[in-house]
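Breakdown of the fold
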Amino acid sequence: MTTFDDLLEEVGSFGRCQRRIFALLCLLSLPFSGVYVGIVFQGFTPDHWCRDSVVVQRREACSWSLADSRRLTVPLVNSSGVLQPSSCEQYEVDWNSTGLTCDTQELNLSGAPVSSCKDAWEYDYEGRKSFVTEFDLVCSDGWLVDMYQCTLNVGFLVGSFAFGYFADRFGRKISFLMSNIMNAISGIVLAVIPNYIAILVFRAIFGFAVKGGWMTCYVLLTEIVGVEYRRTVGILFQMIFSVGVLILPLLAYYITDWRWLQVVIAAPYFLFLSYYWLIPESPRWLISQNNSSKALEITEAMAKENKRKLTKNFETLTEDVGDSSSASLLDLIRTPNMRKHTFILMFNWFTSAVVYQGLIMRVGIARGNVYIDFLISGLVEFPAAFLILFTIERIGRRLPFAFANIIAGASCIISAFIPDSMFWFKTVVACIGRLGITMAFEMVVFVNTELYPTFVRNLGVSVCSTLCDIGGMVSPFLLYRLAAIWLELPLIIFGVVAFIAGGLVLLLPETRGVPLPETIDDNMFVFAPRKKENPLETQQMSKLLKSDVTSNKETTSV
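Residues numbered from 1 in each chain as written. Predicted model: local features only at pLDDT ≥ 70, side-chain atom pairs only at ≥ 80, totals over all residues. Heavy atoms only, no water.

Structural notes on the environment of L107
We apply this condition: Note on conventions: DSSP H or I runs of at least 4 residues are helices, E runs of at least 2 residues are strands, and numbering of each starts at the N terminus. Each residue's exposure class comes from its accessible area (1.4 Å probe, protein chains only) as a fraction of the maximum for that residue type: buried when under 20%, exposed when over 50%, partly exposed otherwise.
Within the fold, L107 resides in the loop between α7 (95-98) and β6 (114-116). Exposure remark for L107: the relative accessible area of 28% places this residue in the partly exposed category. As for L107 and R71, which are separated by 36 residues in sequence, their C-alpha atoms are 8.9 Å apart.

Right under this line is the structure:
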């Protein structure tokens, strides 16, 4: 019996055809980064204060500065130990009886009664427009900004399961087409719909389809390349997400309206519709559906494009048996070791999502130049991939994974206590934290796939990685609500959580050079001695085609 891996040796593990498909599908990660972290610019909350229509009219008539009118409108409040103009309270003054003339801009109102904002807000945003300024999502309505990112992650969570089923049931190609149709429609609707609640609904739909399409093309990529190229292809595919992170602040700088930025993010999905005619169905999936003749036809076309010829007579094709359908959730906690691995991995997926998204979204509230700060922090994601490739085969998985979390945690806590006057030092420390959590986010995928026995591996990765999307739902509430108490408080929470995650990783066994476990008994690891990678591990990686697809960088990184 002949397997598809035997065919790939004839066709070419990463020939011209696979490189073309890889280049096309990598483009999908560019708009995905805008979807994942675009809230930093689309939901930017600028400096704001209560609007008093009488004071505004007098400011325009008397040519007052914004500072003059603001001083007559809002009181000073203690914010993190510093007196600052209030964003949510205003003086209660009857200007009709008090009288407001061009000579009263120096009037002292420090003893006047105050109340919450009554009419609307003014924003110091230099002609720009976010959905925060359009819908006045500040003060008591500020939690609705958190919902913009939360609903996206709800869509991610549902889309991961739904498109995993669709892709296995109907094929990678039709699922990818369906996701792009939904992306194009929901993405444009988001840009034009006038009601914020409806925006949240379509944001969830957008997340549902975007995550599903990203997963599907990730699976397709790993299914058409040889075993020796899968890890490299997977890491490079996620690195393109980081390229999108670098492009995003440039787009946001020149596109000043959040709705037009949404159009630019959604527009590429119309282009991706053409992929239906440019990219073949996965031969592996066709073989699993007992359609070997069609799989062989596609494989022959790939060989022709690679300028190779099938020298053998492949009449019968089979695929390695995947995970057993008898696997259940109970298997993940059946033994003490399985329970330990499951809970540690779940916590690390959760931590990676909370800290990674939290650090990105914090750029929007850090009171610096959001465009430059975002660009600088995005640059540090590139070394993460190279550090992983350099360390995992020399040092192993456990120590780099643990220290990446610990370094991220330490950087967050240290950065919280660095004064703003030491701007560049604070920026360098924050970037080190971003580098650490990016490494941890990408490494949790490898460790997760290598710790579970074959029959429960896909289920284990799927269940553990759901905590990634749950972490994404929690992250905006942790960041924005805690920052309202003290700007640096979220950093301390992120640091503590990352420290705990790093310490827990040290309780996991080393998997470098250890054959992938086939049964629960094999899962009773001891800390294996470090040795060169066993060829059996590489061969068994062919069974991991579906395991990585729920990774979130979104990884990474985004």
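Concerning the nonpolar core
As a reminder of what qualifies: Residue types Ala, Val, Leu, Ile, Met, Phe, Trp, Tyr and Cys, when buried and joined through side-chain atoms within 4.5 Å, form a set referred to as a nonpolar core. By the convention used here, residues are in contact when the closest approach between their heavy atoms is within 4.5 Å.
Grouped together as the largest cluster of nonpolar side chains are 127 residues, with contacts concentrated most on L25, F41, F131, Y269 and F374. Filtering out sequence-adjacent residues up to four positions away, L25 remains in contact with F176, C217, L220, L221, F237, Y275 and I279. Counting residues in hydrophobic clusters, the runner-up holds nine residues, among them L72, Y91, W95 and A112.

A few points about the layout of surface pockets
Short version of the rule: A 1.4 Å probe that fits into a set of points on a 1 Å grid over the protein atoms alone but cannot get out defines a cavity; an open set with protein on both sides within 12 Å along at least five of seven lines defines a pocket, and lining residues are those with an atom within 4 Å of a point. Grid points are joined across faces, edges and corners, and a volume is the space filled by probe spheres set on the points. Three classes are used, and their members are as follows: Ala, Val, Leu, Ile, Met, Phe, Trp, Tyr, Cys and Pro are nonpolar, Asp, Glu, Lys and Arg are charged, and the others, Gly among them, are polar.
The calculated volume of the largest pocket comes to roughly 1,400 Å³. Along the walls of the largest pocket sit 41 residues, with T45, P46, D47, H48 and S87 positioned nearest its centre. Going through the elements one at a time, β2 (47-51), β3 (76-79), β4 (82-85), α9 (143-170), α19 (370-379) and α23 (454-485) are the ones with two or more residues in the lining of the largest pocket. Looking at the lining of the largest pocket element by element, the count peaks at five residues for α23. Of the residues that constitute the lining of the largest pocket, the class distribution is 21 nonpolar, twelve polar and eight charged.

Here we look at the packing of aromatic side chains
What counts is decided by this rule: Any Phe, Tyr or Trp ring, taking Trp's six-membered ring, that has another such ring centre within 6.5 Å forms a pair; planes under 30 degrees apart are called stacked, those over 60 apart edge-to-face, and the others tilted. Comment: the charge-over-ring label is applied if NZ (Lys) or CZ (Arg) is within 6 Å of the ring centre and within 35 degrees of the ring normal.
For the structure shown, the criterion picks out 33 aromatic pairs. Among the aromatic side chains, those forming a connected cluster through ring pairs are F32, Y36, F156, W214, Y218, F237, F241, Y356 and F441. Over the ring of Y253 we find R128; its NZ or CZ atom is 5.3 Å from the centre of that ring. Stacked on the ring of Y276, the Lys or Arg K173 has its end atom at 4.7 Å from the ring centre.

Examining unusual backbone geometry
Positioned with a positive phi, C139 is a non-glycine residue whose angle comes to about 55 degrees. Along the polypeptide, C139 turns up in the loop between α8 (131-135) and α9. The phi angle at N290 is positive, at roughly 60 degrees, despite the residue not being glycine. Residue position: N290 is located in the loop between α16 (283-288) and α17 (292-305). The class for N290 is exposed, based on a relative accessible area of 73%.

Observations concerning the packing of helix α3 (residues 29-37) against helix α12 (residues 227-254)
This is how it is decided: To obtain each axis, a line is fitted to C-alpha atoms, and for helices this fit is confined to the stretch in contact; angles are then taken between N-to-C directions over 0 to 180 degrees. Working definition: roughly parallel below 35 degrees, roughly antiparallel above 145 degrees, roughly perpendicular at 65 to 115 degrees, and oblique for all remaining angles. Less than a right angle of anticlockwise turn of the near helix away from the far helix marks a crossing as left-handed, whereas a clockwise turn marks it as right-handed.
The interhelical angle for the contact between α3 and α12, taken along N-to-C directions, is 60 degrees, at an axis separation of 7 Å. Our classification of the angle between α3 and α12 gives oblique. For the pair α3 and α12, the crossing hand works out as right-handed. Between α3, through S29, L30, F32, S33, G34, Y36 and V37, and α12, the contact on the second element is made entirely by F237, I240, F241, V243, G244, V245, I247 and L248. Grouping the amino acids of the contact of α3 with α12 by side-chain chemistry returns eleven nonpolar, four polar and no charged.

Overview of helix α13 (residues 258-266)
Defined as follows: Along the arc lie the directions from the helix axis toward the C-beta atoms. As used in this structure description, the phrase polar contact means that two N or O atoms lie within 3.5 Å; if the pair is within protein, one of them must be able to donate a hydrogen and the other to accept it, and residues adjacent in sequence are counted only when both atoms belong to side chains.
Turning to α13, its buried residues are W258, R259, L261, Q262, I265 and A266. End-on, the buried residues of α13 take up no more than an arc of 155 degrees, which puts them together on one face. Two or three places before R259, at the start of α13, stands the capping residue D257, its side-chain oxygen 2.8 Å from that residue's backbone nitrogen.

Brief notes about the confidence of the model for the protein chain
What counts here: Confidence of the predictor in every single residue is expressed as pLDDT, which spans 0 to 100.
Mean pLDDT for the protein chain: 83, with 86% of residues reaching 70 or above. The least confident element of the protein chain is helix α25 (residues 535-540), whose mean pLDDT is 45; the most confident is α13, at 97. Across residues 321-325 the pLDDT falls below 50, and counting only partners more than four positions away or on other chains, this stretch makes seven contacts in the model. For residues 525-558, every residue scores under 50 in pLDDT, and the model assigns this stretch 131 contacts once sequence neighbours within four places are set aside.

Side note on the side chain of E122
Counting through the fold element by element, E122 comes out in strand β7 (residues 120-124). Residue classification places E122 among the buried residues on the basis of a relative accessible area of 10%. A distance of 2.9 Å separates a polar atom in the side chain of E122 from a polar atom in the side chain of R59.

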